[in-house]
Amino acid sequence: MDSLFVEEVAASLVREFLSRKGLKKTCVTMDQERPRSDLSINSRNNLRKVLHLEFLYKENKAKENPLKTNLELITRYFLDHFENPPNNFTQETPIPALSIPKKNNKLTSRCSETMLVNIYDLADEDSGRRTSLSETSKARHDNLDGDLLGNFVSSKRPPHKSKPMQVIPGESPAVAPAWEKMDKLLSSESSLDTKRVGEKIRSKSGLIVRGMMAGPIASSPQDSVRRRSLKRSPALSSRTQAPDSESRKVPELSAHAPACPTTQDGLASSPGSPSRSPLGGSARMTQERLERTFKRQESQPLPLRKNKLPVPNKADGELGVLQLEDVEDELTREEVILSPVPTMLKLQIVSKPMDLSVAKDIKTLLFGSSFCCFNEEWKLQSFSFSDKASLKYGIVQNKGGPCGVLAAVQGCVLQKLLFEGDSKADGVRQLQPSNARRTHCLALAIADMVWRAGGRERAVITLASGTQHFSPTGKYKADGVLETLTLHSLTCYEELVTFLQQSIHQFEAGPYGCILLTLSAILSRSTELVRQDFDVPTSHLIGAHGYCTQELVNLLLTGKAVSNVFNDVVELDSGNGNITLLKGIAARSDIGFLSLFEHYNVCQVGCFLKTPKFPIWVVCSESHFSVLFSLQLELLRDWRAERLFDLYYYDGLANQQEQIRLTVDTTQTVPEDKDNDLIPPLELCIRTRWKGASVNWNGSEPIL
């Protein structure tokens, strides 16, 4: 098992515990001191599957007072199945054995440890061959590494591991793909069957813990070779052993032991171990067959297998405790990690805390004064997604105020979700993304926005540190946000994406996600250039009541905080030979913009925003920003597609319960009636792009 993967799983356990217990500040601090990586597990269900805790989870769910975290499930399991340790318990204390009748000591000690590996070790069926702690095998105990939750035993020597076996031609049956095995493992039917079998056998055999069976592995040397040959990866195929040394590495249990039945996955499964292998497929044993196996093993004592290292001859003849050797973890890594481990490059990041001068400059740019602060609507707003089945792509707005930022981010998320990567096939299906998929698109969207603001040369990401970096003095009013931020500068887009994927939880879960993105865009552009973008240097990005100005929306959509929505620059003669430059949109934008103000001839939206690269528009109507989009990329490429088409509307503040689909027909002209107050403002915005088009709400209530 890759130590990096184990470390990430353990860290994910701790994060899940902190999150479920409401320890947000502690969780933020942990993410700062130990950032997440691509191997981090951010879903409780995925974490439960990786650790094979499905059965414990179902059992816990049926209890009157169920536990809330996977870490507590693991802790209770050990407390329930092992004696409580004394006060002087140390890491050198061996794991206590289960209370099992002394009738079958050899099988008992093996069974105890095998069950632990079944639940918490990610190795496959060969991990069941790990030996237990017993009175007659203390030397073997010294080799046991304390890998069961980390700290139960202290290892004085490196783990004793066997080397890979030589592949025997013609002996390896076809192996099913790893994902098929995982599907079989994770199926609820299999879990229920395992539970039923465990409940039937537990009272008689005394060898089952919570429905998990762990009996002796009985197989011939040929079966052992076959199992190991199936585990070999191409990278390890060159490390084969000479035939004359193979006899010392095959775990020979008994020449008279019954052959293991072969499962439909093609892997040999031992009679005592259904449900043990996470990837190999397991045969379900009936109670009678298990008991017959135990009786046969008792009547025919198993010889002690030779150790890997040369031992005195007298040890070969001793019939002590059954010993088996650990299988090298590298042999099972391919099946445990279904996707290749990404190369963890050291990111080139320059980080520094926010200081008082930068904080003053930012507040002046945002509010016009360093005495102003973010209101609660901004502080509590992040980019969390809707839990409605038909609106899983939508970002939810809690209260009014930062709607311009949310709409701009929503448009960029839809761009990633619908038209980029592997999402081009079926747009309708992409509107119901998985949690991981939409979070990934959010990270990509934020990366694009700040990278564009930085001139595609640099980006600055602001993250909360939970620690106050400076004390407010002079003309500055603290708000508890800017004083705790850390600025991370990057100059490589790929590293920017990686860094955001590791820290995306601060933007999605918050609580300052909306503020963090706004400040990241400003600092990526630089406060000096943002001021130069304004038509009037005293303009600011957040207006009255916490509303976003057009400058802030333009900064997020185009990378420049210009004050207008027309194309290019307009020269305005102000008299006396003075010319005022009014800055507009310099190039075709990825995401478009439509405004109700254009319907009232207050402004003019240029074609750079009306006809963007992707059929997605931020809509400004009644001092509120929302999103209009199409699933057809041809809508902007083929004029024939504009005859009759569908547009989808999303408003994160409207507590929308279902998808709103509008059908726009440009072949039927609707007479213009500016005095009719019953025409939905959204239709008026649509007609600024498709003049005179009729709009059908398809059963949805028109928004007036």
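This write-up is about the structure you can find in this document. Fair warning: this is a prediction, and the values are worked out from it, not measured in the lab. (Residues numbered from 1 in each chain as written. Predicted model: local features only at pLDDT ≥ 70, side-chain atom pairs only at ≥ 80, totals over all residues. Heavy atoms only, no water.)

Section: the sheet that holds strand E1 (residues 350–353)
Pairing is antiparallel in the open sheet, where three strands are placed in the order E1-E3-E2. Both outer strands of the open sheet, E1 and strand E2 (459–464), are each paired with one neighbouring strand and no more. When the angles between neighbouring strand axes are averaged without regard to direction, this sheet yields 25°. The sheet contact formed by E1 and strand E3 (residues 485–490) spans four bridges and is antiparallel. Each bridged residue has a counterpart across the sheet, and for Pro-353 the counterpart in E3 is Thr-486. Against the sheet, helix H21 (residues 513–525) engages E2 and E3, with an angle of about 150° to E2. (Pairing = 2+ DSSP bridges. Helix = DSSP H or I, 4+ residues; strand = E, 2+ residues; numbered from the N terminus. Axes fitted to C-alpha atoms, helices over the stretch in contact; angles between N-to-C directions. Contact = heavy atoms within 4.5 Å.)

A short note on H21
The terminal C-alpha atoms of H21 lie 19 Å apart, and with 13 residues this matches the ideal 18 Å at 1.5 Å per residue to within 8%. Burial runs high along H21: 13 of the 13 residues are buried. Looking one or two places after H21, you find Ser-526, whose phi comes out positive at around 90°. (Expected span 1.5 Å × (residues − 1). Buried < 20%, exposed > 50% of the residue type's maximum accessible area, 1.4 Å probe, protein only.)

A short note on a nonpolar patch on the surface
On the surface, Val-569, Ile-579 and Leu-581 cluster together to form a nonpolar patch covering roughly 270 Å² of accessible area. Mapped onto the elements, Ile-579 comes out in strand E5 (residues 578–583). (Patch = residues over 30% accessible without salt bridge, like charges linked within 9 Å, V, L, I, M, F, W, Y side chains within 5 Å. Areas by Shrake-Rupley, 256 points an atom, 1.4 Å probe, with all protein chains shown as cover. Salt bridge = Lys/Arg side-chain N within 4 Å of Asp/Glu carboxyl O.)

Concerning the nonpolar core
Across soluble globular proteins, nonpolar side chains have a tendency to be buried as a group. The biggest cluster of nonpolar side chains holds 93 residues, and the ones touching the most others in it are Phe-383, Val-405 and Phe-507. Looking at which element gives the most residues to this core, the answer is helix H17 (residues 403–419), with twelve residues. Those residues in contact with Val-405 that sit more than four places away from it in its chain are Trp-378, Phe-383, Cys-514, Leu-517, Thr-518, Cys-548, Leu-552 and Leu-556. With 22 residues, the next largest nonpolar core counts Leu-596, Leu-628, Phe-645 and Trp-690 among its residues. (Core = buried A, V, L, I, M, F, W, Y, C linked by side-chain atoms within 4.5 Å.)

A word on the pattern of salt bridges
As enumerated under the stated definition, the model contains 20 salt bridges in all. When the shortest N-O distance is used, the salt bridge between Arg-44 and Glu-16 registers 2.7 Å. Remark: Glu-16 occurs in helix H1 (residues 3–20) and Arg-44 occurs in helix H3 (residues 44–50); sequence separation between them is 28 residues. Judged by its relative accessible area of 27%, Arg-44 is partly exposed.

Quick word on the packing of H17 against helix H19 (residues 435–453)
In contact at an axis separation of 8 Å, H17 and H19 are set at 115° when each is read in the N-to-C sense. Note that H17 runs across H19; the crossing there is right-handed. Here Ala-408, Val-409, Cys-412, Val-413, Gln-415, Lys-416 and Leu-417 of H17 come into contact with H19, specifically with Arg-437, Cys-441, Leu-442, Leu-444, Ala-445, Asp-448, Met-449 and Arg-452. When the residues that make up the contact of H17 with H19 are grouped by side-chain class, the tally is ten nonpolar, one polar and four charged. (Left-handed = near helix turned anticlockwise from the far one by under 90°. Nonpolar A, V, L, I, M, F, W, Y, C, P; charged D, E, K, R; others polar.)

Things to note about the sheet that holds strand E11 (residues 693–696)
Whenever strands of a sheet pair, they do so through backbone hydrogen bonds, lying parallel or antiparallel. The six strands lie next to each other as E6-E7-E8-E9-E10-E11, forming an open sheet whose pairing is mixed. One side of each edge strand has no neighbouring strand; the edge strands of this open sheet are strand E6 (592–595) and E11. For this sheet, the mean inter-axis angle between neighbouring strands, taken without regard to orientation, is 30°. Note that strand E9 (residues 644–650) and strand E10 (residues 660–669) share six bridges and pair antiparallel. Across the sheet, Leu-644 pairs through a bridge with Asp-665, a residue of E10.

Notes on the pairing of E2
Taken across its six residues, E2 has six buried, putting it largely inside the fold. Of the two faces of E2, the one holding Ala-459, Ile-461 and Leu-463 and the one holding Val-460, Thr-462 and Ala-464 are both buried throughout. Summarising the sheet, E2 and E3 pair through six bridges and their orientation is antiparallel. Residue pairing across strands places Leu-463 opposite Thr-486, the latter belonging to E3.

Thoughts on the side chain of Gln-550
Relative to the elements of secondary structure, Gln-550 occurs in helix H23 (residues 550–558). Residue class for Gln-550 comes out buried when judged on its relative accessible area of 19%. Look past the residues within four positions of Gln-550 in its chain and what remains in contact with it is Val-562, Ser-563, Val-565 and Phe-593.

Notes on the environment of Glu-658
Assignment of secondary structure puts Glu-658 in the loop between E9 and E10. Measuring from C-alpha to C-alpha, the distance between Glu-658 and Ala-389 comes to 8.6 Å, with 269 residues separating the pair along the chain. In contact with Glu-658, other than residues within four places in its own chain, are Ser-390, Leu-391 and Ser-700.

Remarks on the pairing of strand E7 (residues 616–621)
Among the six residues in E7, six count as buried, and that is most of the element. Of the two faces of E7, both are covered, the one formed by Ile-616, Val-618 and Cys-620 as well as the one formed by Trp-617, Val-619 and Ser-621. In the sheet, E6 pairs with E7 via four bridges, with the strands oriented parallel. From the neighbouring strand, Ser-595 faces E7, where its bridge partner is Cys-620. In terms of strand pairing, E7 meets strand E8 (residues 624–629) through six bridges, oriented antiparallel. Bridge pairing in E8 places Ser-621 opposite His-624.

Considerations on unusual backbone geometry
The peptide bond linking Gly-510 to Pro-511 adopts the cis configuration, its omega dihedral lying at 20°. Tracing the chain through its elements places Pro-511 in the loop between helix H20 (493–508) and H21. One non-glycine residue, His-545, lies in positive phi territory at about 60°. The topology assignment puts His-545 in the loop between helix H22 (527–533) and H23. Its identity is not glycine, yet Ser-623 carries a phi of approximately 60°, on the positive side. Mapped onto the elements, Ser-623 comes out in the loop between E7 and E8. Owing to a relative accessible area of 47%, Ser-623 belongs among the partly exposed residues under this scheme.

Some remarks on the packing of H1 against helix H2 (residues 24–33)
When two helices pack together, their arrangement is given by the angle between the helix axes and the distance between those axes. In contact at an axis separation of 9 Å, H1 and H2 are set at 155° when each is read in the N-to-C sense. Relative to H2, the element H1 is oriented roughly antiparallel. The hand of the H1/H2 crossing is left-handed. Residues Ala-11, Val-14, Arg-15 and Leu-18 of H1 lie in contact with H2, whose contacting residues are Thr-26, Cys-27, Met-30 and Asp-31. Of the residues in the contact of H1 with H2, the class split is five nonpolar, one polar and two charged. (Parallel < 35°, antiparallel > 145°, perpendicular 65-115°, else oblique.)

Some details on the packing of aromatic side chains
Each aromatic ring pair is characterised by the separation of its centres together with the angle its planes make. A complete count under the given rule lists twelve aromatic pairs for this structure. Ring centres of Tyr-77 and Phe-78 lie 5.8 Å apart, and the angle between their planes is 90°; on these two criteria the pair is classed as edge-to-face. In this pair, the class of Tyr-77 matches that of Phe-78, namely buried. Arg-48 extends its terminal NZ or CZ atom over the ring of Tyr-57, reaching a point 3.6 Å from the ring centre. The side chain of Lys-363 reaches across the aromatic face of Tyr-476, ending 4.6 Å from its centre. (Phe/Tyr/Trp six-rings, centres within 6.5 Å; stacked < 30°, edge-to-face > 60°. Lys NZ or Arg CZ within 6 Å of the ring centre and 35° of its normal.)

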